[in-house]
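Below are the chains, spelled out letter by letter.
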Amino acid sequence: MRLLAIDLGGTKLALATFTADGDVTSKDTVLLSGRQGKQVGKLIVDLVADQIALAGRQADEIAAIAVSIPGISNVKNSTVWAPNISGWEAYPLLQEIETVSGQIPVTIESDRSCYILGEVWQGAAKGCKDAIYLSVGTGIGAGIIAGGQILRGANDIAGAIGWLALRPPYHEKYKNHGHFEYYTSGEGIVRLTRELLHTKPAYKGGLRMKDPGELTTQKVFAAFMAEDEIAIQVFKRCIEYWGMAVANLVSLFNPEKIIIGGGVFGPASAFIPAIYEEAKRWGQPISAGLFVLEGSALGADAGIYCAGYAALKTFREFNAKNNVQ
């Protein structure tokens, strides 16, 4: 028996098969190579069909399929919304996969929900009933488990914490990202750096580039390591905002653990102790003294592990519903 897991990102997808014990039996990465809309859907459907056929040739079977998508999986109407994929405002991905999956149960999860499921299954949140995964990458989101259950919200949008309002006044530039994400996601770090450069016309350091488009998050991190004054200010502000966001999550949900992951953490993992101290300043004092803040144990594989666990959960639910022993 194999569990087929697919983790879709904005530029590539990861595909893996798992045993029920969480062991990886195969793994691959496929670049989207500029595909958008229906082309991405066709790529996923073709890969699913190939894996089902391969399992059949090996006298094995795919027991369940799960896909993690970078956006919202709307359970009520079985469509997905993914802002980084053109044409995926209400895309019928589940319906398309079911054209080749036959009787194999299929589920689609938002990446926010998936990340915490992966950490609970095989990562830093093992054994936790109340835990949160704070993902900081191109965007920002949170997967929240409360009482052992994923919090989805009335419209499957719970955890969109990029829109946390951490400082007034409101500006129209926050509309598409939210205030928190606008400044502290991977792209937000670059936006914040540009704003600080604008306020420091006398600065002549390495972040003052002839072409502003050449500025990247990696270059800001490198400048910080070189003790650049602008980079130091950037990450001081980011630590404050990350700490405030963690404090808000602690005060709202009283978790055992908050796991920080995503592409920025990574290189920002060294800031976790400072973020923890900042969070304790802002958070509900009892909760803030009882939670653990740590980095992801699964790193870049968090999405594919979460999809693996989602497939296992779907398999078990399918069997229970159909009285399969």
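Residues numbered from 1 in each chain as written. Predicted model: local features only at pLDDT ≥ 70, side-chain atom pairs only at ≥ 80, totals over all residues. Heavy atoms only, no water.

> Residues and numbers for the overall build of the protein, please.
Counting its regular elements, the protein contains ten helices and twelve strands. Over its C-alpha trace the protein gives a radius of gyration of 21 Å, about what one expects of a compact globule, namely 20 Å for 325 residues. Counting only C-alpha atoms, the protein reaches 70 × 50 × 35 Å along its principal axes. Expressed as a percentage of its 325 residues, the buried residues of the protein come to 51%. Taking the average location of the 30 positive side-chain charges in the protein and that of its 32 negative ones, the two points are 5 Å from each other. (Helix = DSSP H or I, 4+ residues; strand = E, 2+ residues; numbered from the N terminus. Rg over C-alpha atoms; globule rule 2.2 N^0.38 Å. Buried < 20%, exposed > 50% of the residue type's maximum accessible area, 1.4 Å probe, protein only. Lys, Arg positive; Asp, Glu negative; His and termini not counted. Charge placed at Lys NZ, Arg CZ, Asp CG, Glu CD.)

> Account for the packing of helix α7 (residues 229–253) against helix α8 (residues 272–282), with residues named and values stated.
Packing of α7 against α8 brings their axes to within 7 Å, and their N-to-C directions diverge by 55 degrees. Comparing their axes, α8 and α7 come out oblique. Crossing of α7 over α8 shows right-handed handedness. Together, I239, E240, W242, G243, M244, V246 and A247 of α7 and A274, I275, E278, A279 and W282 of α8 make up the contact between the two elements. Counted by class, the contact of α7 with α8 contains nine nonpolar, one polar and two charged residues. (Axes fitted to C-alpha atoms, helices over the stretch in contact; angles between N-to-C directions. Parallel < 35°, antiparallel > 145°, perpendicular 65-115°, else oblique. Left-handed = near helix turned anticlockwise from the far one by under 90°. Contact = heavy atoms within 4.5 Å. Nonpolar A, V, L, I, M, F, W, Y, C, P; charged D, E, K, R; others polar.)

> So what's going on with unusual backbone geometry? Which residues, and what values?
Of note, the amide linkage connecting P168 to P169 takes the cis form, showing an omega dihedral of 0 degrees. With respect to the helices and strands, the residue P169 is situated in the loop between β10 (149–150) and α4 (179–184). Despite not being glycine, S78 shows a phi value in the positive range, around 55 degrees. Topologically, S78 is positioned in the loop between β5 (72–74) and β6 (79–81). Residues other than glycine seldom take positive phi values, yet E227 does so here, at roughly 65 degrees. Structurally, E227 is set in the loop between α6 (217–225) and α7.

> Account for α8, naming residues and giving values.
For α8, the full list of buried residues reads I272, I275, E278 and A279. Viewed along the axis of α8, the buried residues span an arc of 120 degrees, placing them on a single side of the element. Facing away from the buried side of α8, by more than 90 degrees, are the exposed residues P273 and R281. Where the residues of α8 are buried, they touch α7, β11 (257–261) and β12 (292–295). (Arc of directions from axis to C-beta.)

> Could you give me a rundown of the sheet that holds β12, with the residues and numbers involved?
With mixed pairing, five strands are arranged side by side in an open sheet as β10-β9-β8-β11-β12. Among the strands making up the open sheet, the edge pair consists of β10 and β12. Lying on the sheet, helix α3 (residues 111–122) is in contact with β8 (131–136), β9 (140–146), β10 and β11; it crosses β9 at an angle near 55 degrees. Packing of α7 onto the sheet brings it into contact with β8, β9, β11 and β12, and relative to β8 it is tilted by some 155 degrees. (Pairing = 2+ DSSP bridges.)

> Account for the environment of G283, naming residues and giving values.
Mapped onto the secondary structure, G283 falls in the loop between α8 and α9 (285–288). Considered as a pair, G283 and F18 are 265 residues apart in the sequence and their alpha carbons are 39 Å apart. In contact with G283, other than residues within four places in its own chain, are A247, S251 and A288.

> How would you explain α6 if you had to name every residue and give the values?
Those residues of α6 that sit buried are T217, V220, F221 and A223. Each buried residue of α6 sits inside an arc of 160 degrees when the element is viewed along its axis, so together they form one side. Facing away from the buried side of α6, by more than 90 degrees, are the exposed residues Q218 and M225. Two residues or fewer past α6, E227 is found with a positive phi of approximately 65 degrees.

> Tell me what's going on with the pairing of strand β2 (residues 12–18), and back it up with residues and numbers.
Summarising burial for β2: six of the seven residues are buried, a large majority. Sheet analysis places strand β1 (residues 2–8) next to β2, joined by six bridges and oriented antiparallel. Bridged to L3 within β2 is F18. Hairpin geometry of β1 and β2 is characterised by an intervening segment of three residues between the two adjacent antiparallel strands. Inspection of the sheet shows β2 paired to strand β3 (residues 24–31) by seven bridges, in the antiparallel sense.

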